[in-house]
Amino acid sequence: MAMILDAFVGRYIGKLSEVIDGEISMILGVKDELKKLRERMESIGVYLESAEQRRHTDKTIGIWVKKLKDIMYDADDIIDRCMIEGWRLLEDHPSESVVRRPLSLFSCFSCIKFQHKIGYEIRELNDEWKHMVEDTSILSKLEPTRQGDQVSGVNHRQTFSMEIKSEIVGEQIEEATKSLVESLTKEENRKCRVFGIVGMGGIGKTTLASHIFNDERMKQNFSIRVWTCVSQEFSETSLLKEIIRGAGGNYREAETKQELINHLCSTLSQRFFIVLDDVWEKDVWEDLLRYAVENTTASGRILITTRNTNVAGNIGAEIHHVNKMDTDSGWKLLCKIVFGDDEEEEEISSLKGVGVQIVEKCDGLPLAIKVIAGVLRSKERSNLEWNKVLKSEVWSISQLQEQLPRALFLSYEYLPSDRKQCFLYCSLFPEDYLMDHDELIRYWVAEGFVKTTGGDNLMEDVAKDYYRELIARNLLQPCDEFGDLSNLAGNYCKMHDLLRSLALFLTPDESIFIDNEQPHNINPSSKIRRLTIVNIGKEVEVPDIIKQQKCLRTLIIRGSSPAMMVDNKLFEKLAFLRVMDLSCTELENLPDSVGDLLHLRYLNLGRSNIRELPESIGCLVNLQILNLSFCEFLNTLPKAITKLCNLRCLFLEGTPLTHVPKGIGKLKHLTHLQGFVIGHDDRRDDEGCDLKELQSLSQLRFLEIDRLERTQPAGAPALGNSSFLRTLILNCGQPEVEVEAIAIQRIDKIYNELSPQSTHLQKLEIHNFIGTGFFSWMMSSSLAASFPNLTSITLDNCISFLQLPPLGLLPQLKYLYINNASAIKTIGLEFFGLHASSAATSFPKLEELEFYWMENWEEWSFGMVEGVGEERRGAPKLLPHLMKLELNICPKLRALPPLGQLPQLKSLAIRYAGAIETIGPEFLGPRASSAATSFPKLEELIFEDMENWEEWSFGMVEGVGEERRGAPKLLPHLMKLQLYRCRKLRALPPLGLLPELKFLWIEKADAIKTIGPEFLDPRASSAATSFPNLEELCLKEMSNWEEWSFGMVEGVGEERRGAPKLLPHLMKLKLERCPELKALPEGLRHATNLQELSIVRADNLKEINNLNPSLKSLEIWNCRRLEHVENLDKLQVLIVGLPPSTLTSTTDADGQIEPLPRWLVELLGQHSLEEFKLRCSLSLLKTFLKDGPNWLIIQPIPQVEIDEPLHPDCGSSHIWYTKDPPTFEANVVESEESVD
């Protein structure tokens, strides 16, 4: 059950005390009864934790707990009704003797009928509690919980930050990943191979598949990569749509299975890799995917995970069994999670004995080990505490389903009670569902699962800590926005299917998940409190039994038909709803009866088709969260929205509202106001809001203001009372071409008056500012004192800034994005806030910096700063933690500062910097001693669209395997280098000396005519290796490149004096559209690991030679003058596209068929060849038919695919042939021209 008694009763006692202490309890005449009720609750409260634990093993206790929970739900509803009625009467009959607070429970009731009714219900509730308390047959079995014995949520030694590494894996997973990736990327003759990862639940199948899916080699080998979860009950059409979307396709109006399969077939046009996670039946392959995969032109790999070996076998998969972890590996995994990077060997050794016994109880299941490690991490590191876990009774519980490991239940039992409720609530979502952590914590708050706190913290802050703890305990899995498992706890998460099964097992009587495309059954004896429905039809249909029970608290709808409707009478049956989520549906209107949902705390209509809200929404006096974001058809809000006196969060972002009704300032409890529109589109000032509305909202933590230019100066700081503000977003409308001077002056005054007074501010965004310059509160030299906690700044389309503020002074700033500051011409020391001694540090915490569309920026200066590995007198430290830097569209920037001195920079991208002509040694950093390192941590470097860049020089630098006096080390960790459209770059620096470079891509460097030995660093000694770790090299669209030479290099099995070793790890080489290239370099034969060579449209290339004979894959497209390809006796895959002249005709003047190119005939004679693909003309294609002259040439090859270019009017002809099993399929489509 989602309710956990001790947590729920504890919260209720707090409510009850407020009632007793208020005046209304005396007016109602039940103060004595309420005191008795509180005493009984307090007396029995010490037994409730024990009752929750024992209900699974003792049936009578389970029945008692269920009955008590039903009583508590009714009690909660009664208190809610008292609060609602009391608030109404206070509004109608104000009294000086009553403290008027929105959360006061009771005041003077004018309605005698209500007084008698509610008094009777409270007395009846007291009688029920008396009966429960006097049931000694139950209480005698329970153990009271002493003060301090409750499960603690957080170990004082272990905090739960958002940077918790969750996806820690054992060595067996790492080894299996390496092995399977090698098999999946291996070039073979089969068009499609299916692999199956098989093992029991929780053993690590999905973890292994995820590591394979995200492996860099998989990304390089497969242009299309799709991940989808199939699960036990799946919709065929939904699954097909998901795969098509994931592959980058569009199924348009297709709805039937056959239509979608055809779309999928055409979408898989490039080499693909599809993961089908959690497959239960072979039908997903046989009935859905097999036809599409076998009839697409591309080759690919399918990877499934399943618990059933027979399923994988029936699909024809090559099976990899995931074995249980051995004890030693399990202990290592547990240590990684519990101790992290701590090297307390003595402590680890002292706990190993009991730790190994705990691992053995996990039965080799990685998931079980992870969740138990989450328990141990929250406890004191002592044998006493660990032995409590080892000897827990939960290990021997027999009532659990067979497939649920006891370790999972134990980890649940060790959760604090309020976290248990939050964990169980996650089972409301579909299997493998991507949960937004912000939405999740709002659900928890609305349901009352989160304890109220004093001080500055909100309930959302407490709920966020709950979320972090569930991540830390491995009960939720952090994900990125695409659903891929992540190492860090971010904005999204998933629930492992076994943990979801556990949560469903524990909540059978309260929560249910219904898929309208699948049959469902509801136990009539259960009282359903929470309901999720997916794939709903045109009308929201709630099962009759749930409507009859009238006790539903949460309703979540996911997925709907167009023009979804809600019947006006539905809400009469759902009067006790606390949470209603209709987001992302086709709902257009809400009935007036929504105003009857007086208990409602949370209403989400975000991204729906809602067009208007009824005035009755103002009756929702308990509503705390209203989400109307991105409702594209919603233009106005009802005036009654200002009556939502308990509203805390209002989301309006992305919704095209003409205005926000006046009176928002009355909502004193607002903490989150997003998309607050100033003024009115029709300039009706009597209806729209002004900044003055904000002066009374002192509890704001998040504020986004839109159309700020429409306000008038207030004469006082509009945000002067918002001392708790954490996020501030200021938006003006898009500026007009010419703005009047008086309007600009008004904007300046408005922004200066805003002046946020919150030292808690963490995030600041300013969009479309048109004032004359930066406002005073950002230009202050005391910026660090004003905003000590500011971590993120976005300055977007601020076209009038002449100078940037001294942002380098901000002590906690981590992210800075500046876009379209078109008036900026120089950025210098004023930006860094530097006028200090050598002890000063500028941007001490900044990690990401991005400049975009800086059209007039000309100069960027660091001044004299301290470099890596050096100290300079009077030089400040600069950007010591910057990891990512991007310069995008800075057309007038003439030079780059010495970026090479930034000690932590990992990624650097420079795009559209058209004024830069030279990048020389100054880019690497100031001249340093031999100990200096330039770009010491850089891993990725991108230059793109540098239209006037002509020269790139490293100067004197230290190479691989050598030391030079006075030469700095250069780019020691660079792995990826990309040059795009740098058309005037005349030569390349000695990139061969970069020791870790793995990927090099050069495209459209039109001015380069020769790539010679200087590219390798020819000055190196005989011990040097050129491109020691390069794996992939791509040279593309080099229109004037004529010559490629390596000079004297050391070959295989030989040593030459002064000759460097060359490209020892190169695996892929791509040469595309290099029309002037005449020959391949001689030294290429020494690239002994070269596996794949692709040459496209090398028009002047006559020979393909100088290759190592171990080459396995060769692709040649449209090489017009090619005459000879040297013998490649290990070639396995050959892909050829003949040039257009050959495509149009293959007959001479006498009507005789022209022969295939000699080089192609010779290659087809290779005995090693396993796969051959050819794109050619229709007439040449016919020569490969069984009665054609070229049939005997291809007959010995195991797999052959021949086709012609697609004709829009009549399709494409093809020949598909396999040797074993013998199959031959030919489809010859005659064009109208050929028929004539």
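Reading the values: rules and limits
- Residues numbered from 1 in each chain as written.
- Predicted model: local features only at pLDDT ≥ 70, side-chain atom pairs only at ≥ 80, totals over all residues.
- Heavy atoms only, no water.
- Helix = DSSP H or I, 4+ residues; strand = E, 2+ residues; numbered from the N terminus.
- Buried < 20%, exposed > 50% of the residue type's maximum accessible area, 1.4 Å probe, protein only.
- Areas by Shrake-Rupley, 256 points an atom, 1.4 Å probe, with all protein chains shown as cover.
- Pairing = 2+ DSSP bridges.
- Axes fitted to C-alpha atoms, helices over the stretch in contact; angles between N-to-C directions.
- Contact = heavy atoms within 4.5 Å.
- Core = buried A, V, L, I, M, F, W, Y, C linked by side-chain atoms within 4.5 Å.
- Salt bridge = Lys/Arg side-chain N within 4 Å of Asp/Glu carboxyl O.
- Parallel < 35°, antiparallel > 145°, perpendicular 65-115°, else oblique.
- Left-handed = near helix turned anticlockwise from the far one by under 90°.
- Right-handed = clockwise from strand over helix to strand, strands pointing away.
- Phe/Tyr/Trp six-rings, centres within 6.5 Å; stacked < 30°, edge-to-face > 60°.
- Lys NZ or Arg CZ within 6 Å of the ring centre and 35° of its normal.
- Expected span 1.5 Å × (residues − 1).
- Bend = angle between axes of the 7 residues up to and from the residue.
- Nonpolar A, V, L, I, M, F, W, Y, C, P; charged D, E, K, R; others polar.
- Lys, Arg positive; Asp, Glu negative; His and termini not counted.
- Polar contact = N/O pair within 3.5 Å; in protein donor to acceptor, adjacent residues only side chain to side chain.
- pLDDT = per-residue confidence, 0-100.

Participant: Summarise the overall build of the chain; cite the residues concerned and give the values.
Facilitator: Counting secondary structure elements, the chain contains 34 helices and 50 strands. Looking at the chain as a whole, 57% of its 1236 residues are labelled buried. Here the chain displays about 51,800 Å² of accessible surface, and carbon together with sulfur accounts for 46% of that area.

Participant: Explain the sheet that holds strand E6 (residues 435–436) residue by residue, including any values.
Facilitator: Reading across the sheet, the three strands line up as E6-E8-E7 and stay open at both edges, with antiparallel pairing between neighbours. Each edge of the open sheet carries a strand with a single partner, namely E6 and strand E7 (477–479). In the sheet, E7 pairs with strand E8 (residues 492–494) via three bridges, with the strands oriented antiparallel. When the sheet's bridge partners are listed, proline 478 is paired in E8 with cysteine 493.

Participant: Any details on the sheet that holds strand E4 (residues 300–306)? Residues and values, ideally.
Facilitator: Strands in a sheet are paired, the pairing made by backbone hydrogen bonds, and the direction either parallel or antiparallel. Ordered by their spatial adjacency, five strands build an open sheet running E2-E3-E4-E1-E5, and the pairing between neighbours is parallel. Of all the strands in the sheet, the pair left with one neighbour each is strand E2 (224–229) and strand E5 (318–321). Each adjacent strand pair in this sheet contributes to an overall mean axis angle of 15°, direction not counted. When strand E1 (residues 192–198) meets E4, the two strands line up parallel, connected through seven bridges. Each bridged residue has a counterpart across the sheet, and for cysteine 192 the counterpart in E4 is glycine 300. Taken strand by strand, helix H7 (residues 171–185) contacts E1, strand E3 (272–277), E4 and E5, and its axis lies near 165° from that of E1. Contacts between helix H12 (residues 283–295) and the sheet are confined to E1, E3 and E4, with E1 contributing the most and set at about 145° to the helix.

Participant: Now, about unusual backbone geometry: what can you tell me, with residues and values included?
Facilitator: Leaving glycine aside, a negative phi is the common case for residues, and trans is the common case for peptide bonds. Note that the residue after aspartate 1220, namely proline 1221, is joined by a cis bond; omega there is 0°. By the secondary structure assignment, proline 1221 is in the loop between strand E49 (1214–1218) and strand E50 (1223–1227). Non-glycine residue asparagine 768 carries a positive phi angle of around 60°. Residue position: asparagine 768 is located in the loop between strand E19 (763–767) and helix H26 (776–779). Positive phi, normally seen in glycine, also occurs at leucine 1063, with a value near 45°. Assignment of secondary structure puts leucine 1063 in the loop between strand E40 (1061–1062) and strand E41 (1068–1072).

Participant: Before we move on, can you summarise the environment of aspartate 690 with the specific residues and values?
Facilitator: Within the secondary structure, aspartate 690 sits in the loop between strand E16 (672–677) and strand E17 (702–706). Of the residues examined, aspartate 690 reaches a relative accessible area of 26% and is grouped as partly exposed. Separated by 22 residues in the primary sequence, aspartate 690 and glutamine 712 place their C-alpha atoms 7.6 Å from one another. Residue contacts for aspartate 690: discarding those within four places in its chain leaves Phe676, Ile678, Thr711 and Gln712.

Participant: I'd love a proper account of the pairing of E4, names of residues and values included.
Facilitator: Counting buried positions along E4 yields seven of seven residues, so the element is predominantly enclosed. Along E4, one buried face is formed by Gly300, Ile302, Ile304 and Thr306 and the opposite face, lined by Arg301, Leu303 and Thr305, is buried too. Sheet topology note: the E3/E4 ladder contains five bridges and is parallel. Across the sheet, valine 275 pairs through a bridge with leucine 303, a residue of E4.

Participant: Explain the nonpolar core to me, and be specific about the residues and the numbers.
Facilitator: Counting 208 residues, the largest nonpolar core has Ile664, Trp860, Phe943, Trp952 and Phe1172 as the members making the most contacts within it. Other than its neighbours up to four places away in sequence, tryptophan 860 contacts Ile827, Phe832, Leu849, Phe851, Leu885, Leu887, Leu893, Pro897 and Leu899.

Participant: Mind laying out the pattern of salt bridges, listing which residues take part and the relevant values?
Facilitator: Applying the stated criterion across every chain yields a total of 61 salt bridges. Residues joined by salt bridges that share partners form a network here, namely Arg11, Lys15, Asp76, Asp77, Asp80, Glu447, Glu510, Arg530, Arg553, Arg578 and Arg601.

Participant: Explain helix H19 (residues 417–425) to me, and be specific about the residues and the numbers.
Facilitator: Of all nine residues that make up H19, nine are buried, and the element is covered over most of its length. Those residues of H19 that fall on the buried side of the exposure criterion are Ser417, Asp418, Arg419, Lys420, Gln421, Cys422, Phe423, Leu424 and Tyr425.

Participant: Outline the packing of helix H1 (residues 5–21) against H19, supporting the account with residue identities and numerical values.
Facilitator: Two packed helices can be described by the angle between their axes and the distance between those axes. Across the interface, H1 lies against H19 with an axial gap of 7 Å and an inter-helix angle of 115°. Taken together, the axis directions place H1 and H19 in an arrangement best described as roughly perpendicular. The handedness of the crossing between H1 and H19 is left-handed. Two secondary-structure elements touch here, H1 through Asp6, Ala7 and Phe8 and H19 through Ser417, Asp418 and Gln421.

Participant: Describe the pairing of strand E10 (residues 530–534), with residues and values.
Facilitator: Within E10, five of the five residues are buried, which leaves the element mostly enclosed by the surrounding structure. Side chains Arg530, Thr532 and Val534 project from E10 onto one buried face, and the interleaved Leu531 and Ile533 project onto a second face that is buried too. Strand direction decides the pairing type here: strand E9 (residues 511–515) and E10, joined by five bridges, are parallel. Bridge pairing links phenylalanine 513 to threonine 532 in E10. Bridge analysis of E10 against strand E11 (residues 554–558) gives five bridges, and the strand direction is parallel. Within E11, the position partnered with threonine 532 by the bridge is isoleucine 556. As for the winding sense of the linkage, the β-α-β connection from E10 through helix H23 (residues 544–549) to E11 is right-handed.

Participant: Any chance you could break down the packing of aromatic side chains for me, citing the residues and the numbers?
Facilitator: Evaluation of the coordinates by the stated rule reveals 41 aromatic pairs. Ring geometry for phenylalanine 832 and phenylalanine 862: centres 5.7 Å apart, planes at 85°, overall edge-to-face. One end of the pair, phenylalanine 832, is in helix H28 (residues 829–832); the other, phenylalanine 862, is in the loop between strand E25 (859–860) and strand E26 (877–878), with 30 residues separating them in the sequence. Here phenylalanine 832 matches phenylalanine 862 in class, with each residue buried. Taken together, Phe831, Phe832, Phe843, Phe851, Trp857, Trp860 and Phe862 form an aromatic cluster joined through their ring pairs. In this structure, arginine 225 is placed above the aromatic ring of phenylalanine 213, and the distance from its NZ or CZ to the ring centre is 4.2 Å. One cation-aromatic arrangement involves arginine 500 over phenylalanine 513; the distance from NZ or CZ to the ring centre is 5.4 Å.

Participant: Tell me about H12, and name the residues and values.
Facilitator: Under the 1.5 Å per step criterion, the end-to-end length of H12 is 18 Å for 13 residues, consistent within 8% with the ideal 18 Å. Where H12 bends most, at leucine 289, the angle is about 60°. For H12, the set of buried residues is Val284, Trp285, Leu288, Leu289, Ala292 and Val293. The secondary structure elements touched by the buried residues of H12 are E1, helix H10 (236–246), helix H11 (257–267), E3, E4 and helix H13 (309–315).

Participant: Before we move on, could you go through the side chain of lysine 241 and cite the residues and values that matter?
Facilitator: Within the element layout of this structure, lysine 241 appears in helix H10. With residues near it in sequence (within four places) discarded, lysine 241 still touches Tyr251, Ala254, Glu255 and Leu260.

Participant: Tell me about the environment of leucine 365, and name the residues and values.
Facilitator: Among the structural elements, leucine 365 can be located in the loop between helix H15 (345–361) and helix H16 (366–377). Residue classification places leucine 365 among the buried positions, given a relative accessible area of 4%. For the pair leucine 365 and methionine 200, spaced 165 residues apart in sequence, the C-alpha to C-alpha distance is 8.7 Å. Sequence-distant contacts of leucine 365, that is, excluding residues within four places in its chain, are made with Met200, Gly201, Gly202, Ile203 and Pro405.

Participant: How would you sum up the packing of H10 against H11? Please name residues and give values.
Facilitator: Here H10 crosses H11 at 20°, and the two axes come no closer than 10 Å. Taken together, the axis directions place H10 and H11 in an arrangement best described as roughly parallel. Of the two elements, H10 crosses H11, and the hand of that crossing is left-handed. Counting all contacts with H10, which are made through Glu236, Thr237, Leu240, Lys241, Ile243 and Ile244, the residues of H11 involved are Lys257, Leu260, Ile261, His263, Leu264 and Thr267. In terms of residue class, the contact of H10 with H11 is built from six nonpolar, three polar and three charged.

Participant: Could you give an account of the side chain of aspartate 6, naming the residues involved and the relevant values?
Facilitator: Tracing the chain through its elements places aspartate 6 in helix H1. It is lysine 420 that comes nearest to the buried, bridge-free aspartate 6 among opposite-charge side chains, at 6.4 Å. Engagement of the side chain of aspartate 6 in a polar contact is seen with the side chain of serine 417, the distance being 2.4 Å.

Participant: An account of the confidence of the model for the chain is requested, with residue identities and associated values reported.
Facilitator: Confidence along the chain averages 84 in pLDDT terms, with 86% of residues attaining 70 or more. Every residue in residues 96–109 is under pLDDT 50, and counting partners more than four places away or in other chains gives 42 contacts.

Participant: Outline the environment of threonine 296, listing residues and values.
Facilitator: Its place among the elements puts threonine 296 in the loop between H12 and E4. Measuring from C-alpha to C-alpha, the distance between threonine 296 and lysine 191 comes to 9.6 Å, with 105 residues separating the pair along the chain. Filtering out sequence-adjacent residues up to four positions away, threonine 296 remains in contact with Lys191, Cys265, Leu268, Ser269 and Phe272.

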